[in-house]
Amino acid sequence: MRIVDKTLGFWARKVLHLLLNGSIAIAALLISPDWIKPLTVVGFIAVLVFESARLKTKARRFVHEAVGPLFKREESLEYSGMFWIAVGALIVALFAEPLAYSYGFAVLAIADFAAAAVGRSWKSPRYYRNKTVAGALACFCFAAATTAAFIILSELPFPILPAMILMGGIVTILETFSHPFDDNFLILVSSSFIMSVALSLF
């Protein structure tokens, strides 16, 4: 029995992406930094178990019949973006600053959703694979805006405009030219480590 309709699968996937990653970004700011690593390890194990069951057991058929549209077509035979986010989160939790962990998830949640939503909704020229000019501009603007908001709200001593341009550009490039790697993984890890380095320098 199909739970998620195919036509709504794209939007359901992107809204879940926004809500889950956004919630992680907020939670990382609210909880004690000491809890980030163990909770991330637990989350990684949970995702690994789910993905292994989805790909390698009899549950695979049920998952794809029930909620198949929540996954990209190519993810029916390989690990999904959710898995690579979990891998990225584990790396960031182990080696980056806790505040950078939150920033990475915030950028991933907002910029990726904006790029997908605008790129899907507004007709504009395509310039690389399935990427559109409108989607790329949305990704840049929202990554830059998220960076500015994070700097201001966290009262960080960073020059806002250069940081906006830098991170907007990097996130847009990674979101566009990630193939054959997973863009979620690249955006999360790169933005988190750039913020972690910046925190150590200022």
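Before reading on, note that the structure itself is shown above.
The sections below set out a description of the structure shown in this document. (Residues numbered from 1 in each chain as written. Predicted model: local features only at pLDDT ≥ 70, side-chain atom pairs only at ≥ 80, totals over all residues. Heavy atoms only, no water.)

### A short note on the side chain of S102
- With respect to the helices, strands and loops of the structure, S102 is situated in helix α5 (residues 98-121).
- On the basis of relative accessible area, S102 is assigned to the buried category, the value being 1%.
- If we skip the residues at most four places from it in the chain, S102 touches A25, A28, L29 and F150. (Helix = DSSP H or I, 4+ residues; strand = E, 2+ residues; numbered from the N terminus. Buried < 20%, exposed > 50% of the residue type's maximum accessible area, 1.4 Å probe, protein only. Contact = heavy atoms within 4.5 Å.)

### A short note on the pattern of salt bridges
- Applying the stated rule across the entire model yields 3 salt bridges.
- The salt bridge partner of K14 is D112, with a shortest N-O separation of 3.2 Å. Residue K14 is located in helix α1 (residues 6-30), and its partner D112 is located in helix α5; the two are separated by 98 residues in the primary sequence.
- Among the salt bridges present, the one from E175 reaches K131, with a minimum N-O distance of 3.1 Å. Taken together, the residues E175 in helix α7 (residues 160-176) and K131 in strand β2 (residues 131-132) connect sequence positions 44 residues apart. (Salt bridge = Lys/Arg side-chain N within 4 Å of Asp/Glu carboxyl O.)

### Things to note about the layout of surface pockets
- Of the volumes computed, that of the second largest pocket is approximately 790 Å³.
- Lining the second largest pocket are 33 residues, and of these L20, N21, V47, M82 and I85 sit closest to its centre.
- Top contributing element to the lining of the second largest pocket by residue count: α1, with 10 residues.
- The class makeup of the residues in the lining of the second largest pocket is 19 nonpolar, 8 polar and 6 charged. (1 Å grid on protein atoms, 1.4 Å probe; cavity = no way out; pocket = protein on both sides within 12 Å on 5 of 7 lines; lining within 4 Å. Points joined across faces, edges and corners; volume = space filled by probe spheres on them. Nonpolar A, V, L, I, M, F, W, Y, C, P; charged D, E, K, R; others polar.)

### Section: the packing of helix α6 (residues 133-153) against α7
- Close contact between α6 and α7 brings their axes to 8 Å; oriented N to C, the two are set at 140 degrees. In terms of orientation, α6 lies oblique with respect to α7. In terms of crossing hand, the pair formed by α6 and α7 is right-handed. Within the contact between the two elements, α6 uses A136, C139, F140, A143, A144, T147, A148, I151 and I152 and α7 uses I160, A163, M164, I165, M167, G168, G169, V171, T172 and E175. (Axes fitted to C-alpha atoms, helices over the stretch in contact; angles between N-to-C directions. Parallel < 35°, antiparallel > 145°, perpendicular 65-115°, else oblique. Left-handed = near helix turned anticlockwise from the far one by under 90°.)

### Observations regarding the packing of aromatic side chains
- Overall, the coordinates contain 8 aromatic pairs when judged by the stated rule.
- Seen in terms of ring centroids, Y128 and F177 are 4.8 Å apart; in terms of plane orientation they differ by 55 degrees. Their pairing is tilted. One end of the pair, Y128, is in strand β1 (residues 126-128); the other, F177, is in the loop between α7 and α8 (183-201), and 49 residues separate them in sequence.
- F177 gets classed as partly exposed once you look at its relative accessible area, which sits at 45%.
- Following the ring pairs from residue to residue traces out a cluster consisting of F44, Y79, F83, W84 and F185. (Phe/Tyr/Trp six-rings, centres within 6.5 Å; stacked < 30°, edge-to-face > 60°.)

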